[in-house]
Amino acid sequence: MILDERTYAIKPAHVRDYLDLYVAEGMELQISHLGHLIGWFTTDTGVVNEVVHMWRFEDAGDRERRRAAMEADPRWQVFRAKTAPYVLEMRSRILRPTHFSPLR
């Protein structure tokens, strides 16, 4: 099992706009492709114009297949074009649980 942690820096004062658009047009589509959503978060201290979401995959191959299918979906491309003006930066980290992690 791996977790894909994705952090997006959003233009200041537009986090709510980005999240509203995601819920209305992207969330159901993304879940249909990626599967197991761990959660979506906003930052409360530090850099406050960030959103973070985490997805669970069986392994790197599972992640690659699912993300490739999503990227090939024309509906996802339309959604991405709508959100692109809000996004300043994207970062992704792959996390692997330790042998004693409760999330395994």
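Residues numbered from 1 in each chain as written. Predicted model: local features only at pLDDT ≥ 70, side-chain atom pairs only at ≥ 80, totals over all residues. Heavy atoms only, no water.

Participant: Explanation requested: the environment of Leu95 in the structure shown.
Facilitator: Turning to its location among the elements, Leu95 is positioned in strand E4 (residues 87-95). Along the chain, Leu95 and Gln30 lie 65 residues apart, while their C-alpha atoms are 20 Å from each other. Dropping the residues within four chain positions of it, Leu95 is found in contact with Ile2, Leu3, Glu5 and Met54. (Helix = DSSP H or I, 4+ residues; strand = E, 2+ residues; numbered from the N terminus. Contact = heavy atoms within 4.5 Å.)

Participant: Help me understand helix H1 (residues 15-34), please; the structure alone is not making it clear to me.
Facilitator: Given 3.6 residues per turn, any residue in an α-helix points the same way as the ones three and four places further on. Relative to the 28 Å expected for 20 residues at 1.5 Å per residue, H1 spans just 23 Å between its end C-alpha atoms, considerably shorter than the ideal helical length. Along H1, the helix axis deviates most sharply at Gly26, where the bend reaches about 60 degrees. Within the span of H1, buried status applies to Val15, Tyr18, Leu19, Leu21, Tyr22, Gly26, Leu29, Gln30, His33 and Leu34. For H1, the secondary structure elements touched by its buried residues are strand E1 (2-10), strand E2 (36-42), strand E3 (50-57), helix H2 (60-72), helix H3 (74-83) and E4. Backbone geometry just after H1 places Gly35 at a positive phi near 90 degrees. (Expected span 1.5 Å × (residues − 1). Bend = angle between axes of the 7 residues up to and from the residue. Buried < 20%, exposed > 50% of the residue type's maximum accessible area, 1.4 Å probe, protein only.)

Participant: How should the environment of Arg66 be read in this particular structure?
Facilitator: Within the secondary structure, Arg66 is located in helix H2. Residues Arg66 and Lys11 lie 55 residues apart in sequence; the distance between their C-alpha atoms is 28 Å. The contacts of Arg66, once residues within four sequence positions are left out, are His33, Leu34, Gly35 and Phe57. In terms of polar contacts, Arg66 uses its side chain to reach the side chain of Asp62, at 2.9 Å. (Polar contact = N/O pair within 3.5 Å; in protein donor to acceptor, adjacent residues only side chain to side chain.)

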